[in-house]
Amino acid sequence: MIKPSDIKKVTISDEFWARKQELVRTEVIPYQWDILNDRIPEAQASYCMHNFKAAAALNKRMKKQGSKFEAPKFTYRGFAVFPDTREDAKDDEFYGFVFQDSDFYKWIEAVAYSLAIHPDPELEETADRAIDIVCDAQLPNGYLDTYYIINGTDKIFTDLRDHHELYCLGHLIEGAVAYERATHKDKLLNCAKAYADYVYTVFGEGEGQIKGYPGHEIAEMALFRLYDLTGKKKYLE
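First, a word on what this report is: a plain description of the structure on this page.

Below, the discussion takes up helix α3 (residues 101-117). Helix length check: α3 (17 residues) gives 26 Å between terminal C-alpha atoms against 24 Å at 1.5 Å per residue, within 8%. With 12 of its 17 residues buried, α3 lies for the most part within the structure. Asp101, Ser102, Phe104, Tyr105, Trp107, Ile108, Glu109, Val111, Ala112, Ser114, Leu115 and Ala116 are the residues of α3 that are buried.

Moving on: the packing of aromatic side chains. In this structure the tally under the stated criterion is 21 aromatic pairs. Three or more aromatic residues link up through ring pairs in this structure, and these residues are Tyr47, Phe79, Phe82, Tyr95, Phe97 and Phe99.

Now for the nonpolar core. Counting 64 residues, the largest nonpolar core has Phe104, Leu144 and Phe157 as its most contacted members. Elements with a minimum of two residues in this core: α1 (15-36), α2 (48-65), α3, α4 (121-136), α5 (146-151), α6 (165-183), α7 (187-202) and α8 (219-230). With 11 residues, the single largest contributor to this core is α6. Not counting chain neighbours up to four residues away, the residues in contact with Phe157 comprise Tyr143, Glu165, Leu166, Tyr195, Tyr198, Val199, Val202, Phe203 and Ile210.

Moving on to the environment of Thr201. Mapped onto the elements of the fold, Thr201 is located in helix α7. The class of Thr201 is partly exposed, set by a relative accessible area of 48%. Each C-alpha atom, one on Thr201 and one on His184, is 28 Å from the other, the two residues being 17 residues apart in sequence. A distance of 2.6 Å separates a polar side-chain atom of Thr201 from the backbone oxygen of Tyr198.

On to the side chain of Asp101, then. Along the chain, Asp101 falls in helix α3. The contacts of Asp101, once residues within four sequence positions are left out, are Cys48, Phe52, Leu144, Asp145, Thr146 and Cys168.

Thresholds applied
- Residues numbered from 1 in each chain as written.
- Predicted model: local features only at pLDDT ≥ 70, side-chain atom pairs only at ≥ 80, totals over all residues.
- Heavy atoms only, no water.
- Helix = DSSP H or I, 4+ residues; strand = E, 2+ residues; numbered from the N terminus.
- Expected span 1.5 Å × (residues − 1).
- Buried < 20%, exposed > 50% of the residue type's maximum accessible area, 1.4 Å probe, protein only.
- Phe/Tyr/Trp six-rings, centres within 6.5 Å; stacked < 30°, edge-to-face > 60°.
- Core = buried A, V, L, I, M, F, W, Y, C linked by side-chain atoms within 4.5 Å.
- Contact = heavy atoms within 4.5 Å.
- Polar contact = N/O pair within 3.5 Å; in protein donor to acceptor, adjacent residues only side chain to side chain.

What follows is the structure in structure tokens.
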């Protein structure tokens, strides 16, 4: 069986590529983090971390109110929705594209690969705090997609082709596996496994299960990586 090399055991000494690695670590990753937090005035606002914080606040309110909590009913607001100005954005509303969550997952994967070859305590601390926010957004049943958590979960998995829930799951898994391998921290990995476990109960050949497939690939190869890491056949299935 062919397996990729452990990234921690690979050193790139070529001058050109070594400079590129350092550029990514010192400039690109911090800039991307500012983008995810809407700190670049000349760039279109992402609302990625905004959405995770909004979903986390909704979860906190749900736990506090208990049986009195009224979950939002799904309201379709479009494939992409942005306020007229950043100042008009409401703390409890979703903004951006339906797949906006995946931008954080791609960022954390890049962070993981950078940390694997160049330890950076400050960057790792930033990543850990961000992971806390993301995990706080996850529902008790494992579901994690801020578009539906904020807009209403009564319509989850009803538009597999265009709304990219499984695509986002795939990038969550990829980022979580990479971060665990780079840092040996498993908080995001446990979050990813919980979402994958929930998906396992929803999709399949059983009675009442969904026999559907995503409109955008990545969940498939990500689940293979999760199987490779955990050895659990459910992720292979």
